[in-house]
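One-letter residues, chain by chain:
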Amino acid sequence: MQNSYTINEIKHIITATGEIVSDAAISILLTDTRRINNPTCSLFFALDGRRDGHDFIADAYTAGVRNFVVNHQPDTIMPDANFLVVANVLDALQVLAAHHRKQFNLDVIGITGSNGKTIIKEWLYQLMNPERNIVRNPKSYNSQIGVPLSVWQINDTHNLGIFEAGISIPGEMDRLEAIIQPTIGVLTHMGTAHDEGFETPQDKLIEKLKLFKNCKQIVYNYEALLDHHEELKSRECFVWSRQFNLADLYVFSETTIQGKYYMRAIYKEKEIECLVPFRDEASVENAIVCWATMLAMGYSPADADERIERLSTVSMRLELKHGINDCSIIDDSYNSDIQSLEIALNFLNQQNQHQKKTLILSDIYQSGLQQEALYKQVAQLVSAKQIDRFIGVGTFLQEYKQLFDVHQKHFYADTASLLKDLSKLHLHEETILIKGSRSFGFEKISRALVQKAHETILEINLNTLLSNLNFYKAKLEPGVKIMAMVKAFSYGSGTFEVANMLQYNKVDYLAVAYTDEGIALRETGITLPIMVLNPEPLAYDKLVTYKLEPALYSFTLLDEFVKFAQEEEVLGYPVHIKIDSGMHRVGFEAFEVEPLCDLLEINPYIRVQSVYSHFVASDNELHDMFTMQQINIFETAFKQIEDALGYTVIKHISNTSGISRWPNARYDMVRLGIGLYGVDAAVPREDTGLQPVATLKTTVSQVKKVAAAETIGYSRNGSLKADGKIATVRIGYADGYLRAFGNGVGKMLVNGTLVPTVGNITMDMCMLDVSNVEVKEGDEVIVFNQQQRIEDLAQQIGTIPYEILTNVSQRVKRVYFYE
Ligand SMILES: *Cc1c(COP(=O)(O)O)cnc(C)c1O
């Protein structure tokens, strides 16, 4: 059932050169060596991204991959490997996918627009799944690489494809069109946001419409394409509108009924209706697009209405939470299909905090594959990902249980029987992926396993963390290393969760403040080199046991470390030397460098791994002269030290703003701190390349009417200007929401509106003036996010973002997302 091409066929399709040394049948296209499951039938494309894919060929070879598309042969000899040489590896991937697409004559819906692409794709899948065998992008694989990998999945059992296409610069849509070859085009909501890659929103729209150039039929909103009706006239169009009464689907009435959204419309001169189980503006518009698409494809209004009413939310995110008995829980409520299972298993594999990895999986309802073939694939994936314990729920998994070659396995007919037995399984100290088809109600399992959270949580978006990392990587010259600062629980954002992500994405170094922080990372499986900024001599033994590298900043520290090393017979231990170039906190000063060199020269016990210093005000123009002076002092010092040592060391001085503002001071490594978490005074807010990773949210515990004459809170400090309402929320100074935010200084977002605090902040709660907002008990309240940023809060109380971020107390549960 899987696609298969011989390596010779592929060579011909992508017009490659290079010699085929051994025959191979290829069914899997690989672009990331961390995702190898089935090496013998995989073809690795050495793509040129932020990292050169050619650097990973050796890894792939070691893992058993023998087939490669490259733009030059590697220097090392790799017996039995086939190298297909092409001018451009990405082009080759796309050409291969386009060729594959051409082999099939099926309806393909191509979706583009600014917002809602993934939701609409998933909803159309839910809506048409009953009678179609559908292939679609896994998650939101909609890029120049994601689309070819998605299209590659088409096989002869499918009779409908649904693919979304996302672009960021001109020229990209033609390429995606050639791969997707859509027959039906669907345009989603067009935002007005200014996009970086395009001069005007109009340019972006024109680029997007290129997806539809060969479509037989196009579904769009009349108002979105006012300027384009002429050029589209020659095509079969299905137009929907809320204003234009001659549209194919004219929605003329919209009301809310019992929490649902009820719409009436004119279609083929008759009145039809549709009930949507969501009320927010975006979901309603997405639902109309689905409604129009179904009608355009010939579904009856009655079928469309009946199915749309049963639409369910689409969650693309994996949530990583603390579980009971020291477990970590990865909660994936996404549709269970084999592609999303693979993505979730990859995320599970990134986790190092517990040795044991457990998968709780339900039967998979995926059309297009024979059951046995499907479960064979699942079983193979489970062994490739080295799952230690497998818990299968459903009658199909039960039937095929002998396929699973796992150390510990348990099977249950349904969710209820698993729940009954849950305590007998003694789940503890393991990372558990919970992945189930919707009908299995796996949220019950998740509820039983996740530690109950007090309703104030700090959400950390790991994708954003990664894109921030890449934002800075892109600025660096090749070869410059990155040390990621994860001190103070990664600036309050987490411990192993953040470190795992950084390790998986190959930063070079981590830095923590104290030895204990380093030990905690080692105990959760972090193997990257770790520098300790403030090593305590009393903990040197632990430091060495856990292979942590001390930053030595004074003669006392250095002497004690050398003495320790001598006694323990430790030789050549990696250490870091800190120079004080102007901060005057810790570090060797310029005049101490000479005696320091005398000590280092003759010292067999340590090896100087790096020499570094720290900027005082790299973000601030006012102090640029001082910064230059720091650079000079640092350069003099490291030259002296390198001369004395007779070997070169890693040199580093730049923190986040240093990276942005002092390109000449990056030397061999940079120390990326707050920028990773989305804050950099040297990057303008409009630059969307950098985004805050954390959202602090809480909930409303009570709403009260309060008269102007009353006072609110301790010491009678608060009152309303006129009779009004207050909302009490579950966050106080013990959570890190400082007292300074009281009495109107601080603001929170309540259902989209920024409202001030009223009265003093108390230990566990505080009050908001919600006189002008619609709000009820249990509603979510945002303390900070992308809209009201950490920088804003810092400004409100006259502090810096660092303090806001690290203040969020450990009582506030952290929840991690990965999309
Ligand atoms: C915290 C810290 C950094 C990171 O600074 P940011 O401004 O957060 O990037 C770099 N170097 C040292 C020595 C630090 O203590």
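Computed from a prediction, not measured in an experiment: that's the story for all the values here.

**Some points on the overall build of the protein**
Helix and strand content of the protein: 26 helices and 37 strands. Rg of the C-alpha trace for the protein: 29 Å, near the compact-globule value of 28 Å for 819 residues, within the 12% margin. Taken along the three principal axes of its C-alpha coordinates, the protein extends 90 × 90 × 60 Å. Burial analysis of the protein (819 residues in total) assigns 57% to the buried set. Of the contacts formed within the protein by residues at least 6 apart in sequence, a portion of 65% connects residues at least 24 apart. Accessible surface for the protein amounts to roughly 35,100 Å². Of this, 49% is attributable to carbon and sulfur atoms. The distance from the centre of the 77 positive side-chain charges to the centre of the 102 negative ones in the protein is 5 Å.

**Examining the sheet that holds strand β12 (residues 236-241)**
An order of β8-β9-β7-β10-β11-β12-β13-β14-β15 is seen for the 9 strands of this open sheet, with the pairing classed as mixed. Pairing within the sheet leaves two strands with one partner each, and these edge strands are β8 (134-136) and β15 (270-276). In this sheet, adjacent strand axes meet at a mean angle of 20 degrees when their direction is disregarded. Sheet analysis places strand β13 (residues 249-257) next to strand β14 (residues 260-267), joined by 8 bridges and oriented antiparallel. Across the sheet, residue E254 finds its bridge partner in β14, namely M263. This element, helix α10 (residues 301-308), spans β14 and β15 of the sheet and lies at about 15 degrees to β15.

**Regarding the sheet that holds strand β4 (residues 42-45)**
Hydrogen bonding along the main chain pairs the strands of a sheet, whether they run parallel or antiparallel. Strand order in this open sheet of 4 strands is β3-β4-β5-β6, and the pairing throughout is parallel. The open sheet has two free edges, formed respectively by β3 (28-30) and β6 (82-85), since each of these has just one partner strand. On average, each strand axis in the sheet is tilted by 25 degrees relative to the strand beside it, whichever way the strands run. Taken strand by strand, helix α3 (residues 89-102) contacts β3, β4 and β5 (67-70), and its axis lies near 140 degrees from that of β4.

**Focus on the UniProt feature "binding site: substrate" (unreviewed entry) in the protein**
Per the UniProt record, "binding site: substrate" (unreviewed entry) is found at R585 and M763. Across 179 residues of sequence, these annotated residues are also dispersed in space, with a maximum C-alpha separation of 33.5 Å. Accessibility expressed as a relative area gives 56% for R585, which makes it exposed. When near neighbours in sequence (up to four residues on either side) are disregarded, R585 contacts K578, D580 and H614. You can see M763 is positioned in the loop between β34 (753-758) and β35 (766-769). The class for M763 is partly exposed, based on a relative accessible area of 44%. Apart from residues no more than four positions distant in its own chain, M763 is found in contact with G732, Y733, A734, D735 and R811.

**Let's talk about the nonpolar core**
Of all hydrophobic cores here, the largest spans 142 residues; its most connected members are L510, I577, I641 and F784. With 7 residues, helix α23 (residues 624-645) is the single largest residue contributor to this core. When sequence neighbours within four positions are dropped, the list of residues in contact with I577 reads L552, F588, L596, L600, V608, S610, V611, Y612 and I641. Residues L124, M128, Y261 and I288 belong to the second largest nonpolar core, which totals 43 residues.

**A short note on the packing of helix α22 (residues 593-601) against α23**
Pairs of packed helices are described in terms of their axes, by the angle between the two and the distance that separates them. Contact geometry of α22 with α23 gives a least axis separation of 9 Å together with a crossing angle of 25 degrees. Judged by the angle between their axes, α22 and α23 are roughly parallel. Once α22 is placed against α23, the crossing between them reads as right-handed. Contacts between α22 and α23 involve V593, E594, L596, C597, L600 and E601 from the former and A637, Q640, I641, A644 and L645 from the latter. By residue class, the composition of the contact of α22 with α23 is 8 nonpolar, 1 polar and 2 charged.

**Concerning the site of the ligand**
Around the ligand lies a shell formed by M485, K487, Y491, L533, H614, N655, T656, R671, G673, I674 and Y802. With respect to the ligand, the side chain of Y491 contributes an N or O atom lying 2.6 Å from an oxygen atom. In this structure, an oxygen atom belonging to the ligand sits 3.0 Å away from a side-chain N or O atom of N655. Across the complex, the protein chains shield 93% of the 390 Å² of accessible surface that the ligand would expose by itself. For the shell around the ligand, the class distribution of residues is 5 nonpolar, 4 polar and 2 charged.

**Brief notes about the UniProt feature "domain: Alanine racemase C-terminal" (unreviewed entry) in the protein**
This chain's UniProt record puts "domain: Alanine racemase C-terminal" (unreviewed entry) on residues 693-817. As annotated, residues 693-817 has a helix share of 11% and a strand share of 34%, and its two end C-alpha atoms lie 10 Å apart.

**Brief notes about the pairing of strand β27 (residues 573-578)**
Counted residue by residue, β27 has 5 buried out of 6 residues, so it is predominantly covered. Pairing of strand β26 (residues 548-552) with β27 involves 2 bridges; the strand directions are parallel. Bridge pairing in β27 places L552 opposite I577. You can see the chain leave β26, run along helix α21 (residues 555-568) and come back into β27, and the turn it takes is right-handed. Once the chain exits β27 it traverses α22 before rejoining the sheet at strand β28 (residues 606-612), and the crossover so formed is right-handed.

**What about the side chain of H410?**
Structurally, the position occupied by H410 is in strand β20 (residues 408-412). Separated by 3.2 Å, the side chains of H410 and R389 make a polar contact. Setting aside its immediate chain neighbours within four residues, H410 contacts R389, F390, I391, G392 and L425.

**Side note on the domain arrangement of the protein**
Entries for the protein in the domain assignment read domain 1 (5-94), domain 2 (104-309), domain 3 (318-452), domain 4 (459-677) and domain 5 (694-818). One C-alpha centre belongs to domain 1, the other to domain 3; they are set 32 Å apart. Of the residues lining the interface, 4 residues belong to domain 1; the matching set on domain 3 comes to 6 residues. In this assembly, domain 1 packs against domain 3 so that about 410 Å² is buried in total across both faces, 29% of it on carbon and sulfur atoms. It is R35, N37 and N38 in domain 1 that bury the most area against domain 3; as a group they hold 91% of the surface buried on that side. Taken together, the links from domain 1 to domain 3 amount to 0 salt bridges.

**Comments concerning α23**
An ideal rise of 1.5 Å per residue puts 32 Å on 22 residues; α23 measures up with 31 Å between its terminal C-alpha atoms. Looking at α23, one finds that the buried residues are D624, T627, Q630, I631, F634, A637, F638, I641, E642, A644 and L645. Viewed along the axis of α23, the buried residues span an arc of 160 degrees, placing them on a single side of the element. Summarising the geometry of α23, the exposed residues directed more than 90 degrees from the buried face are M625, T636 and D643. The elements touched by buried residues of α23 are β27, α22, β28, β29 (650-652) and α24 (656-661).

Here is what the cut-offs are and how they apply
Residues numbered from 1 in each chain as written. Predicted model: local features only at pLDDT ≥ 70, side-chain atom pairs only at ≥ 80, totals over all residues. Heavy atoms only, no water. Helix = DSSP H or I, 4+ residues; strand = E, 2+ residues; numbered from the N terminus. Rg over C-alpha atoms; globule rule 2.2 N^0.38 Å. Buried < 20%, exposed > 50% of the residue type's maximum accessible area, 1.4 Å probe, protein only. Contact = heavy atoms within 4.5 Å. Areas by Shrake-Rupley, 256 points an atom, 1.4 Å probe, with all protein chains shown as cover. Lys, Arg positive; Asp, Glu negative; His and termini not counted. Charge placed at Lys NZ, Arg CZ, Asp CG, Glu CD. Pairing = 2+ DSSP bridges. Axes fitted to C-alpha atoms, helices over the stretch in contact; angles between N-to-C directions. UniProt positions renumbered as here; feature names shortened; annotations may be inferred. Core = buried A, V, L, I, M, F, W, Y, C linked by side-chain atoms within 4.5 Å. Parallel < 35°, antiparallel > 145°, perpendicular 65-115°, else oblique. Left-handed = near helix turned anticlockwise from the far one by under 90°. Nonpolar A, V, L, I, M, F, W, Y, C, P; charged D, E, K, R; others polar. Near = heavy atom within 4 Å. Polar contact = N/O pair within 3.5 Å; in protein donor to acceptor, adjacent residues only side chain to side chain. Right-handed = clockwise from strand over helix to strand, strands pointing away. Domains from an automatic or database assignment. Buried area = accessible area lost by both parts, 1.4 Å probe. Salt bridge = Lys/Arg side-chain N within 4 Å of Asp/Glu carboxyl O. Expected span 1.5 Å × (residues − 1). Arc of directions from axis to C-beta.

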